[in-house]
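An overview of the molecular structure
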Amino acid sequence: MIIAIDGPAAAGKGTLSRLIAEHYGFHHLDTGLTYRAAAKALIDAGLPLNDEDVAQKVAGEVELADLDRTVLSKHEIGEAASKIAVMPAVRRALVEAQRSFSKRSPGTVLDGRDIGTVVCPDAPVKFYVTASTEVRARRRYDEIVAGGAPAEYDAIFADVKKRDERDMGRDDSPLKPADDAHLLDTSEMSIEAAFRAARDIIDAALKKE
Ligand code: DC
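For the structure given in this document, a descriptive report is provided here. (Residues numbered from 1 in each chain as written. Predicted model: local features only at pLDDT ≥ 70, side-chain atom pairs only at ≥ 80, totals over all residues. Heavy atoms only, no water.)

1. Let's talk about the packing of helix H3 (residues 52–60) against helix H6 (residues 88–102)
Axis separation between H3 and H6 bottoms out at 8 Å; the angle between their running directions is 10°. In terms of orientation, H3 and H6 fall into the roughly parallel class. Contact residues: H3 offers Glu52, Ala55, Gln56, Ala59 and Gly60, while H6 offers Pro88, Ala89, Val90, Ala93 and Leu94. Residues belonging to the contact of H3 with H6 are distributed by class as follows: seven nonpolar, two polar and one charged. (Axes fitted to C-alpha atoms, helices over the stretch in contact; angles between N-to-C directions. Helix = DSSP H or I, 4+ residues; strand = E, 2+ residues; numbered from the N terminus. Parallel < 35°, antiparallel > 145°, perpendicular 65-115°, else oblique. Contact = heavy atoms within 4.5 Å. Nonpolar A, V, L, I, M, F, W, Y, C, P; charged D, E, K, R; others polar.)

So, in structure tokens, the structure goes:
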């Protein structure tokens with residue numbers, strides 16, 4: 001069983017994916033971390049973010065076992081990840097690792113931007129998790145403030161918008177819902193409610209397996 005979860009930044013897909021993986025005992029891969037790990041490796045080595053050959057080589061060396069959310073969650077790394085994610089050669093290298101992860105037993109949950117459309121187009125269950133730009137910016141703001149850091153809502157809103165434009169506007173594997181994805185809009189729905197809705201859909205799919 002493969003569960004594909006896509007959506008823009010801060011829509012709640014990470015939390016939803018973790019809840020689903022935990023509930024069903026499936027392996028979970030946040031594919032955003034693979035782009036972040038490649039970006040961080042470039043930054044750490046003092047390499048440019050705009051050289052596709054260099055970025056491809058680094059992306060080919062990303063180890064899924066070493067992905068550390070705490071280290072990779074920094075804002076600058078997300079920005080850099082979004083920049084190298086437009087490069088087809090980087091995507092090819094990372095998608096190969098993601099596809100091989102998706103085959104793990106007894107099942108997997110992968111979340112990202114192109115899981116239902118490119119990485120696992122045959123996944124029996126796909127979700128597209130979204131929320132309004134305002135709600136996503138507010139969530140990001142609350143998260144940062146709760147962590148004790150200073151934050152400015154307008155700047156965060158502009159950032160979220162810019163990230164959406166880059167992720168949805170690129171030529172290779174742009175963020176969009178798969179034709180057969182179930183839409184979950186979390187603007188006015190808690191993640192718990194989204195989880196319950198997702199569980200009903202997954203249970204029905206498991207009965208058909
Ligand atoms: O979900 P995130 O913020 O960790 O992702 C960081 C960047 O990685 C995101 O802006 C675009 C890219 N990404 C992608 O292109 N495809 C994916 N499947 C996951 C992430």
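2. Side note on the site of the ligand
Looking at the ligand, there are 15 residues lining it, with Arg36, Arg91, Arg113, Asp114 and Arg170 nearest. A distance of 3.0 Å separates a nitrogen atom of the ligand from a polar side-chain atom of Thr31. In the environment of the ligand, an oxygen atom lies 2.8 Å from a nitrogen or oxygen atom belonging to the side chain of Arg113. When contributions to the shell around the ligand are tallied by element, the ones reaching two or more residues are helix H2 (31–44), helix H5 (75–84) and helix H9 (153–169). The element that contributes the greatest number of residues to the shell around the ligand is H2, accounting for four residues. Here the shell around the ligand is composed, by residue class, of three nonpolar, four polar and eight charged. (Near = heavy atom within 4 Å. Polar contact = N/O pair within 3.5 Å; in protein donor to acceptor, adjacent residues only side chain to side chain.)

3. Quick notes on the nonpolar core
Counting residues in each nonpolar core, the largest one holds 29 residues, and the members touching the most others are Tyr35, Leu67, Ile84, Val90, Leu110 and Cys120. Elements represented by at least two residues in this core include exactly strand S1 (2–6), H2, H3, H5, H6 and helix H7 (115–119). In this structure, Leu67 is in contact with Leu29, Leu33, Thr34, Ala37, Val62 and Leu72, ignoring residues within four places of it in sequence. Judged by nonpolar contacts, the second largest core, of 19 residues, contains Tyr24, Leu184, Ala194 and Ile202. (Core = buried A, V, L, I, M, F, W, Y, C linked by side-chain atoms within 4.5 Å. Buried < 20%, exposed > 50% of the residue type's maximum accessible area, 1.4 Å probe, protein only.)

4. Focus: the sheet that holds strand S2 (residues 27–30)
Pairing in this open sheet of five strands is parallel, and the strands run S2-S3-S1-S4-S5 from one edge to the other. Edge positions in the sheet fall to S2 and strand S5 (182–185), since each has one partner strand and no second. On average, each strand axis in the sheet is inclined to that of its neighbour by 20°, with strand direction left out of account. Judged from the five bridges that link them, S1 and strand S3 (residues 108–112) form a sheet pairing that is parallel. Paired with Ile3 across the bridge in S3 is Val109. Relative to S3, helix H1 (residues 13–24) is tilted by about 180°, and along the sheet it contacts S1, S2, S3, strand S4 (125–130) and S5. Each of S2 and S3 touches H2; the most contacted strand, S2, lies at about 45° to it. (Pairing = 2+ DSSP bridges.)

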